[in-house]
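The chain contents come next:
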Number of protein chains: 4
Amino acid sequence: MVDLTNNIQLLLDQVVKYRGFSADTFHLLKFTKVEKGLIECEVKVEKELTNTYGVVHGGCIATILDGLGAFCFVSTQDEFQFGFTVNLNINYIAGASIGETIICKSEVDKITKSLAFIKLTAERKDGTLLSNASAIYKVPPQKPKSKL
Amino acid sequence: MVDLTNNIQLLLDQVVKYRGFSADTFHLLKFTKVEKGLIECEVKVEKELTNTYGVVHGGCIATILDGLGAFCFVSTQDEFQFGFTVNLNINYIAGASIGETIICKSEVDKITKSLAFIKLTAERKDGTLLSNASAIYKVPPQKPKSKL
Amino acid sequence: MVDLTNNIQLLLDQVVKYRGFSADTFHLLKFTKVEKGLIECEVKVEKELTNTYGVVHGGCIATILDGLGAFCFVSTQDEFQFGFTVNLNINYIAGASIGETIICKSEVDKITKSLAFIKLTAERKDGTLLSNASAIYKVPPQKPKSKL
Amino acid sequence: MVDLTNNIQLLLDQVVKYRGFSADTFHLLKFTKVEKGLIECEVKVEKELTNTYGVVHGGCIATILDGLGAFCFVSTQDEFQFGFTVNLNINYIAGASIGETIICKSEVDKITKSLAFIKLTAERKDGTLLSNASAIYKVPPQKPKSKL
């Protein structure tokens, strides 16, 4: 599992380095568990993740969970390709304020030939559920295997 | 409607000025229609809204639609208070690349005493549907009316 | 469009005749509009569609909308094959009681090679929204075309 | 827990006896675990629960899960009142055929003053996941407590 953890971390580094939408959020993200089809991380809530009430923004939770699910899918694939999100359904149950640490968990429910179903949660450190979510990703087309 | 447009724009300015999670996205957002329970806007896709494929990030679409729905709810309330997102369900149907402009539309389906149901879409300028979504917000408790 | 309406009606008759789960519901269903990718119907609420409060059952709305979306998908296909439901998201906004007539509408948002996205609503006759929903269906594999 | 199991079973009997929408499905349902906020059941797939492919109907899964979640909510309340479904989101991952037994599980994620969030799954006996779902119910208004 050392290699998998390493590879997922390298992928995260690339995402942060690209400086796209999720960079400011994902540079605050630390993987705490990386297994095939099961990834957990924690994120410290800084002001730049919050809404005007000082509570983590709903869009931020969506961004973390969508991204975490994408990493979780990648962890099951030989070729390290992201899937495309097809559906994301999130329930917002409680909030977290600046200074709190959020624990996010992703787990593959099922991967078919064409679709990956991933379940996701965000919790406080004490286990209070903040959000649960489910995401569906389209499995990218397989590259033809080399014949060498 | 001049006042409503003005008030919604002021609220957007506050959100951007707060420098929280949605600031970098919402400073790119321009309202194109503001009516009670019906708000439309456009957003130019810059690199900072995209994923590593150069396509607008799923979390970014979630952030725009969740935020737009929140503004749409506010536009129906005498007191300019945001509701709390309870559920956000998004389908990702197509993507938009750097340089494209996304048109986002929000419309109140129903507001009950406790919940607001809002439907949302994101489209390309040519009308191609990128995402549709529905959001449920918790109506904030009414402040007691002043007796003056 | 006469043929399409006719073919969709024949398919409904088969579904009712099969005597499976949706038969008791679908024998109450009348198509009022059948176009390619756009189907509307009405359903009279009888006691057998209701919960113990005498209000149309949430599972019944789900059954009608899931089924209507399936018909809507079929209406776009040369081969009259149903897709498999992948995701169904329903908001329950208001209820309808015994004796009321529900108007249900389905419209294709997009059909890709592998997935169909359909939006759905249920309303009272006066236009009051009861439910909105979105459904995703997996497009069934195409039968190879005959070479004759 | 004997009383709770008994009370939930009595409620199921009432639902079946009412002869509404879910009666034909729920008379096939057997509770296998009833705890406060955690209910499991099994359902044998008969033809009357299936679609024309002989696979359990998507609307049937929706009906079972919506109903099971409603029982799960009731199990946490002193007054045995159902909540109203606000949102139901279901992923359909695999199917079950006539003769198979489906295991359905429901668990309260959170109950606030106004809303109950319940997570739900349907599985085959061998643990294969058929569907996962989340449901939100509106908590019914509390009856004023008797002063006796």
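Residues numbered from 1 in each chain as written. Chains lettered and ligands numbered in written order. Predicted model: local features only at pLDDT ≥ 70, side-chain atom pairs only at ≥ 80, totals over all residues. Heavy atoms only, no water.

Per an unreviewed UniProt entry, the recorded name for chain A is Thioesterase domain-containing protein, and the organism is Dictyostelium purpureum. What UniProt records for chain A under Sequence similarities (unreviewed entry) is the sentence "Belongs to the thioesterase PaaI family." (UniProt positions renumbered as here; feature names shortened; annotations may be inferred.)

Draft legend 1. Representation of the interface of chain B and chain A. In this assembly, 33 residues from chain B lie in contact with 33 residues from chain A. Taken together, both faces of the contact between chain B and chain A bury some 2,700 Å²; the carbon and sulfur share is 54%. Contact with chain A buries surface across chain B, with Tyr18(B), Phe21(B) and Tyr92(B) losing the most and accounting together for 27% of the total. The interface formed by chain B and chain A includes zero salt bridges. Linking chain B with chain A are 22 residue pairs in polar contact (both at pLDDT 80 or more). Mapped by element, the contributors of at least two residues to the side of chain B that touches chain A are α1 (2-18), α2 (23-26), α3 (58-74) and β3 (84-92) of chain B. Tallied by class, residues from the side of chain B that touches chain A come to 13 nonpolar, 15 polar and five charged. (Contact = heavy atoms within 4.5 Å. Buried area = accessible area lost by both parts, 1.4 Å probe. Salt bridge = Lys/Arg side-chain N within 4 Å of Asp/Glu carboxyl O. Polar contact = N/O pair within 3.5 Å; in protein donor to acceptor, adjacent residues only side chain to side chain. Helix = DSSP H or I, 4+ residues; strand = E, 2+ residues; numbered from the N terminus. Nonpolar A, V, L, I, M, F, W, Y, C, P; charged D, E, K, R; others polar.)

Draft legend 2. Main features of the interface of chain A and chain C. Contacts between the two partners involve eight residues from chain A, matched on the other side by eight residues from chain C. A buried area of about 580 Å², summed over both sides, lies between chain A and chain C, and 65% of it is on carbon and sulfur atoms. Sorting the residues of chain A by area buried against chain C places Val86(A), Asn87(A) and Leu115(A) first, and these three jointly supply 51% of that buried surface. The interface formed by chain A and chain C includes zero salt bridges. Summed over the shared surface of chain A and chain C, the number is zero residue pairs in polar contact (both at pLDDT 80 or more). Elements supplying a minimum of two residues to the side of chain A that touches chain C: β3 (84-92), β5 (115-124) and β6 (129-138) of chain A. With three residues, β3(A) is the single largest residue contributor to the side of chain A that touches chain C. Across the side of chain A that touches chain C, the residue classes break down as four nonpolar, three polar and one charged.

Draft legend 3. Examining the relation of the copies chain A and chain C more closely. Aligned on chain C, chain A shows an RMSD of 0.0 Å; the corresponding rotation is 180° and the shift along the axis is 0.0 Å. Both chain copies can therefore be described as sitting about a two-fold axis. Interface overlap between copies is the fraction of interface residues in one copy that are interface residues in the other; for chain A against chain C it reaches 100%, indicating a shared surface. (Least-squares fit on C-alpha atoms with pLDDT ≥ 70 in both.)

Draft legend 4. Structural context of the packing of helix α3 (residues 58-74) of chain C against helix α3 (residues 58-74) of chain D. The N-to-C vectors of α3(C) and α3(D) enclose an angle of 160°; their axes lie 8 Å apart at closest approach. It follows from the interaxial angle that α3(C) and α3(D) lie roughly antiparallel. Seen from above, α3(C) lies across α3(D) with right-handed handedness. Between α3(C), through Gly58(C), Gly59(C), Cys60(C), Ala62(C), Thr63(C) and Asp66(C), and α3(D), the contact on the second element is made entirely by Gly58(D), Gly59(D), Cys60(D), Ala62(D), Thr63(D) and Asp66(D). (Axes fitted to C-alpha atoms, helices over the stretch in contact; angles between N-to-C directions. Parallel < 35°, antiparallel > 145°, perpendicular 65-115°, else oblique. Left-handed = near helix turned anticlockwise from the far one by under 90°.)

Draft legend 5. Fine view of the relation of the copies chain B and chain A. Superposition record for chain B on chain A: RMSD 0.0 Å, screw rotation 180°, translation along axis 0.0 Å. Both copies contact each other with a shared surface, as 100% of the interface residues of chain B are interface residues in chain A too.

Draft legend 6. Examining the sheet that holds strand β2 (residues 38-44) of chain D more closely. Strand order in the open sheet formed by 12 strands is β1(C)-β2(C)-β4(C)-β5(C)-β6(C)-β3(C)-β3(D)-β6(D)-β5(D)-β4(D)-β2(D)-β1(D), with antiparallel pairing between adjacent strands. Edge positions in the sheet fall to β1 (29-35) of chain C together with β1 (29-35) of chain D, since each of these pairs with one other strand and no more. Each strand axis lies, on average, 15° off the axis of its neighbour in the sheet, ignoring direction. Sheet analysis places strand β4 (residues 101-111) of chain D next to strand β5 (residues 115-124) of chain D, joined by nine bridges and oriented antiparallel. Note on β5(D): the bridge partner recorded for Ile102(D) is Arg124(D). Packed on one face of the sheet, α3(C) meets β1, β2 (38-44), β3 (84-92), β4 (101-111), β5 (115-124) and β6 (129-138) of chain C and runs near 45° to β4(C). Across the sheet, α3(D) touches β1, β2, β3 (84-92), β4, β5 and β6 (129-138) of chain D, and the angle it forms with β4(D) is around 45°. (Pairing = 2+ DSSP bridges.)

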